[in-house]
Every structure is written in structure tokens, then in C-alpha cells.
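Here is what each chain is made of, one letter per residue.
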Amino acid sequence: MCPYGGKSMLKTILNTTTALAFLTTAAFAEETPAEVKIGITAFLSGPASVFGEPAKAAAEMIIADMNANGGIGGVPVSATFIDEGAGGEALLSEYRRLVESEGVDAMFASISSGNCTKIGPLAEDLKVLNIMWDCGTQTIFEENDFRYSFRTQANATPEMLSTLLYLLRTKPDFKTIAVVNQDYAWGRDSWAIFSAALQQLKPDAQVVAEFFPKFGSPDFSTEISRLQALRPDVILSTSWGGDLDTFVRQASQRGLTNTSTLVLPLGESSLERLGDALPAGHIVGARGDHYFLHPEKINDPAFVAFVDAFTEKTGDVPTYPVFHVSQALAALKGAYEKAIADNGGEWPSDEQVIDALEGLTFAGLGREVTIREDHQGVEDQLLGTTIRVDGYDFALLDNMMMFDGEPITTPVDQVSSEWLQTLTPAFIDSVPVDTFQHNN
């Protein structure tokens, strides 16, 4: 006879163990929702709507396609948009409302770096997944340790560093440089990054002028007159939107584009609007590998179909905000799918989705992006030189270079301003790069 009740007791123990195992599994199995709800902040009014409106149109198209193909884990996705143009206070209020009252599962915020710095702490308080889908400031994850916020693209440091590397590889003999940047945080910070790297990689380059005209300035005649007198070899402008368009048009009208090389790290988003104002021979960046004639995707039927559909819907070719929102959506889908797989096929908890984002590799409309342990995305960077091509009434890119994102992104637990001081001229040729010519 078995002690302690024999077979009867053994059966009871086994049944109890099975029940506990079932309860433990059930505790990690969330009820499958009717939909995955996301909120997306973007400038839908004001001068920055040149970024927000294309992103909104792209998000609607991509979500519709996702839902037509099973959504996320068989669950459809819905999106609500918030206008960043309404101001910071309204943005934070609407952000909180969507999380607390509407019960969104994730937020995509924001375009503005200033808004991202405010939203990061709010997302922590609300314990909601927040994907920083477009803001560029490098300080976000260098100065904070967030659990709930992730960035699905690069930041200002690799964007500026790749721009300088392209300049040094294509025009290594330039001697003088000037800058014309918007007078606010982005204009000042991006120049600080670029100039710090310039001092390390080409210390003999002479900065002959630093201009920071007022944000939204309609007239650059003073700056252009000074630049014409100085005749710098290179003129850097990390400006964007209407300010960049106005400066380039006025510079072109005054002949400045014939005497100095313009270096425009955000210029990809202005190419179509500038039309014939931007001639051949100037350097343009894409804030990632973002280009409607992406050299590795130009013969990809799915990519071409999206570009054609987007152009038909909006009347414009897709620019980098379109690519950025595609990456955010790809990351969200990838994180849910990984979390579902890790959860034995059951719907995951919010915390499990958060865990799945760390180390995740995904791809939107361009190359793959990987989320590091500090929640910063590592993204390759494309730059090129403008050319004029028959059949297009705006400049395209040639002599393209795609820089590997990993070595040009500030290492985890380091600060950009300090890391840049460790670079030497040997760094210029050490970064892996793929080269492409225009092929359309």
C-alpha cells in the first residue's frame, strides 16, 4: 500500500498540479481584442504639415493593406490622428485622452523633437507603448532611461555624421564652410554635432560664417549677400520645409548655387517642391535610406506599387516621413507577432509587447532597422548628389552612398558630444558604405 493515501492521493496531486498549470498559463493569456488601436501625432496644419500630411496618407494606406492581409495576429488595426500643429499643450491633452479615455494600445509620437522630450515622461506615467517615429534629437535616449518609449529610426548624430562623411569622401579638398540654420533647437544642435565632427575629421577646414536666421524667415537676402562675398566652398543647411525651400530658391536666383556647394541633410523632402531651383552638383541627405527611387528597391514590385499608389493618392512622391511611419508600423506589427509567438500563440500583454521590441529587427519601405537595448533604432543613411534627368521637373540623386548605421550611431551608454571627440580622420574610410548610381 502506498503511504499518504496511495493512488487516490497521487491522483489528487496530479489534478491539482494540472489545474495550477492551467491557471498559470491563463494568467499570461490576454483576451484577444476586437482591434489594435493606435494614436499618431503629426503636423496636420502649419508649415510642418509638409511632413505630417504625407505621413498620415501613408499610414492610412499601410494600415488598410495590413488589415486586408489579416491585421496583426488576425486583429484589425485602427488609427486616430492628433495634430501637432495645435500646440504642445493641446498635444499632451489629446495624447492623455487617447490613452486614458479611448484605451489606445500604442502611441506614435512625434515629429517635433520638443514634443518627443515632453511625451517621453508622459508615456512612462501612463505606461503606454510610445514609438518616436520621426523626431531627431539625439538626447532622448542619451539622457533618459525609458521603458515605454522606442525610436524606430536614427537620430541627429548619424544623420549629421553621415552627411559629413559623404562630403569628405566626395569633396575632400574643400577648405571653407558656412552654415545657414534655423534659429531654434534643431538648427543649433545639428550644427553642434556637424561642427564637432568636422573639427575631429578635418581640423584644417575653416568655418567662415554661422548664420541662424529666425525660424520662418521669408527673406535670406542678408545671409546670401554675405555668402556671395565670402564665397565658401561649402554651405551647410540642416533647415527643412518652407525655410529650406525659400533659402534655396533665393540662393539659386542670386547665383549662389553656382559658386558654392550646398549640403542639405534634410533636402530629400524638398526636392519635388524646389523644382528647377536646385541645380545639379549639390549634396542631399534623406534622414535614413529614404528615397522614392531607392536604389535597392527600384525593381521591387511591392515598393514600386506603393510609390505609384501614394503618388496617385497625394499627387506627390513619398518623402522621408512616409518611410518613417512605415517603419513605426512595421515595428509595431513585428513586436506583436514576436510577443504572440513567445506567448505560445496567445494574445500578449502590453508588457510582453514592450519586451518584444528590445532587439527587434524590422523593415518598412527601406532597409532593416534594429532597436538597440537603449531603445534607439539603428538605421543606415543614404546621401547623394543632385542631377537633372529628362522626364523629371525636379532634381534626382546620383553618386549615392549608403552608410552602415551601426558605426555612425553613438554607442549605448555614451553621449554624442563626448563620443564625437574620440573620432579621428581614420574614421572617414572605416565606415562601410555601399555605392549606387542613378538607374531609372
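Check the entry above for the structure.
Residues numbered from 1 in each chain as written. Predicted model: local features only at pLDDT ≥ 70, side-chain atom pairs only at ≥ 80, totals over all residues. Heavy atoms only, no water.

### Examining the state of the cysteines
Rule in force here: The disulfide criterion used throughout: a pair of cysteine sulfur atoms within 2.5 Å. Strands here are runs of E lasting at least two residues and helices are runs of H or I lasting at least four, both read from the DSSP assignment and numbered beginning at the N terminus. Only protein chains enter the calculation, and the probe is 1.4 Å; a residue is then buried if its accessible area is under 20% of its type maximum, exposed if over 50%, and partly exposed in between.
All chains considered together, the criterion is met by one disulfide. Disulfide partner of Cys116: Cys135, at an S-S distance of 2.2 Å. Between Cys116 and Cys135, the S-S torsion sits near -100°, and that sign places the bridge as left-handed. Highlighted residues: Cys116 in helix H4 (residues 113–126) and Cys135 in the loop between strand E4 (129–132) and helix H5 (139–142), separated in sequence by 19 residues. Cys135 matches Cys116 in its accessibility class, with the two residues each being buried.

### A look at the packing of aromatic side chains
Rules: A pair of Phe, Tyr and Trp rings is counted when the ring centres sit within 6.5 Å of each other, with Trp represented by its six-membered ring. The angle between the planes then sorts it: under 30 degrees is stacked, over 60 is edge-to-face, the rest tilted. Here, over-ring charges are defined by two tests on the NZ atom of lysine or the CZ atom of arginine: distance to the ring centre within 6 Å, and angle to the ring normal within 35 degrees.
Here the structure, examined in full by the defined rule, presents 15 aromatic pairs. For the ring pair Phe51 and Trp240, a centre distance of 5.3 Å and an interplane angle of 50° mean the geometry is tilted. Of this pair, Phe51 sits in helix H2 (residues 49–68) while Trp240 sits in the loop between strand E8 (234–236) and helix H9 (241–253), and the two are 189 residues apart along the sequence. Assessed through its relative accessible area of 12%, Trp240 is described here as buried. One aromatic cluster is present, formed by Phe51, Tyr184, Phe215, Trp240 and Tyr320 through successive ring pairs. When the ring centre of Phe174 is taken as reference, the NZ or CZ atom of Lys202 above it lies at 5.3 Å.

### As for empty space enclosed by the protein
Cut-off, in case you're wondering: Within this scheme a cavity is a closed region of a 1 Å grid, computed over the protein atoms alone, that accommodates a 1.4 Å probe without allowing it to escape, whereas a pocket is open but has protein on both sides within 12 Å along at least five of seven lines; lining residues each have an atom within 4 Å of a point. Grid points are joined across faces, edges and corners, and a volume is the space filled by probe spheres set on the points. Residue polarity follows a fixed list, in which Ala, Val, Leu, Ile, Met, Phe, Trp, Tyr, Cys and Pro are nonpolar, Asp, Glu, Lys and Arg are charged, and the others, Gly among them, are polar.
Taken as a whole and assessed by the stated rule, the structure comprises three cavities of 30 Å³ or more. Of the pockets and cavities examined, the largest cavity occupies roughly 50 Å³. Considering the residues around the largest cavity, the lining is formed by Glu268, Leu271, Glu272, Tyr291, Phe292, Val317, Pro318, Thr319 and Phe394. When grouped by side-chain class, the residues that make up the lining of the largest cavity number six nonpolar, one polar and two charged.

### Description of the nonpolar core
Worth spelling out the cut-off: As used here, the term nonpolar core means buried Ala, Val, Leu, Ile, Met, Phe, Trp, Tyr and Cys residues forming a set that is joined through side-chain atoms within 4.5 Å. Throughout, a residue-residue contact means that at least one pair of heavy atoms, one from each residue, lies within 4.5 Å.
If you look at the biggest cluster of nonpolar residues, it comprises 125 residues, and the most contacted ones within it are Ile38 and Trp133. Counting residues per element, this core draws most heavily on helix H12 (residues 320–342), at 13 residues. Setting aside residues up to four positions removed in sequence, Ile38 forms contacts with Ile63, Val77, Ser78, Ala79, Thr80, Val104, Ala106, Phe108, Leu329 and Leu332. Counting residues in hydrophobic clusters, the runner-up holds 13 residues, among them Leu91, Tyr95, Leu98 and Ala109.

### Section: the side chain of Asn130
Note the threshold: Definition of a polar contact: a pair of N or O atoms within 3.5 Å, with one able to donate and the other able to accept a hydrogen when the atoms are protein atoms, and with sequence-neighbouring residues admitted only if both atoms are side-chain atoms.
Tracing the backbone shows Asn130 in strand E4. Within the structure, Asn130 has its side chain in polar contact with the side chain of Tyr95 (distance 2.8 Å). Polar side-chain contacts of Asn130 include one of 3.3 Å to the side chain of Ser149. Those residues in contact with Asn130 that lie beyond four places of it in its chain are Tyr95, Met107, Ala109, Ile119, Ala123, Tyr148, Ser149 and Phe150.

### Here we look at the sheet that holds E8
What counts is decided by this rule: Two strands qualify as a pair provided DSSP detects at least 2 bridges between them. Throughout, an axis means a line fitted to C-alpha atoms (over the contacting stretch in the case of helices), and angles, computed between N-to-C directions, take values from 0 to 180 degrees.
Spatially, E7-E6-E8-E9-E10-E14-E15-E16 is the arrangement adopted by the eight strands of the open sheet, whose pairing is mixed. Of all the strands in the sheet, just strand E7 (206–211) and strand E16 (433–436) have a single pairing partner and so form its edges. Here the average twist between neighbouring strands, direction ignored, is 20°. Lying over the sheet, helix H8 (residues 221–230) contacts strand E6 (176–180), E7 and E8, oriented at roughly 165° with respect to E7.

### A closer look at the sheet that holds strand E11 (residues 361–363)
Pairing is antiparallel in the open sheet, where three strands are placed in the order E11-E12-E13. Two strands bound the open sheet, and with one partner strand each, they are E11 and strand E13 (377–378). Bridge count between strand E12 (residues 368–371) and E13: two bridges; the pairing is antiparallel. Counterpart to Thr370 in the pairing with E13 is Val378.

### Things to note about helix H13 (residues 350–357)
Counted only if it meets this: Read the arc as the range of directions from the helix axis to the C-beta atoms.
Here H13 has its buried residues at Val353, Ile354, Ala356 and Leu357. The buried side chains of H13 occupy one side of the element, clustering within an arc of 160° when seen end-on. Of the residues flanking the end of H13, it is Gly359, one or two places downstream, whose phi is positive at about 85°.

### A short note on the pairing of E4
Test applied: The path from the first strand over the helix to the second decides the hand: if it runs clockwise while the strands point away from the viewer, the crossover is right-handed.
Burial along E4 is two-sided: the face carrying Leu129 and Ile131 and the face carrying Asn130 and Met132 are both buried. Relative to E4, strand E3 (residues 106–108) is paired through three bridges, and the arrangement is parallel. Looking at E4, one finds that Phe108 is bridged to Ile131. Running through H4, the crossover from E3 to the neighbouring parallel element E4 is right-handed. With three bridges joining them, E4 and strand E5 (residues 149–151) adopt parallel strand pairing. Bridge pairing links Met132 to Arg151 in E5.

### A word on unusual backbone geometry
Cis rather than trans, the peptide bond between Ala109 and Ser110 has omega equal to 15°. Of note, Ser110 is situated in the loop between E3 and H4. In this structure, Arg231 is a non-glycine residue whose phi angle is positive, near 50°. By the secondary structure assignment, Arg231 is in the loop between H8 and E8. Under the relative-accessibility criterion, Arg231 is labelled exposed at 51%.

### Looking at the pattern of salt bridges
Quick note on the threshold: Salt-bridge detection follows one rule: a side-chain nitrogen of Lys or Arg within 4 Å of a carboxyl oxygen of Asp or Glu.
Under the defined criterion, the tally for this structure stands at 17 salt bridges. Its salt-bridge partner being Asp342, residue Lys338 comes within 3.1 Å of it at the nearest N-O pair. Pair noted here: Lys338 and Asp342 are both in helix H12, with a separation of four residues, about one helical turn. For Asp342, a relative accessible area of 58% puts it in the exposed group. A salt bridge links Arg372 to Asp374; the nearest nitrogen and oxygen atoms lie 2.7 Å apart. In terms of burial, Arg372 and Asp374 fall into one category: buried. Ionic contacts of the salt-bridge type, sharing partners, join the residues Glu296, Arg367, Asp380 and Asp434 into one network.

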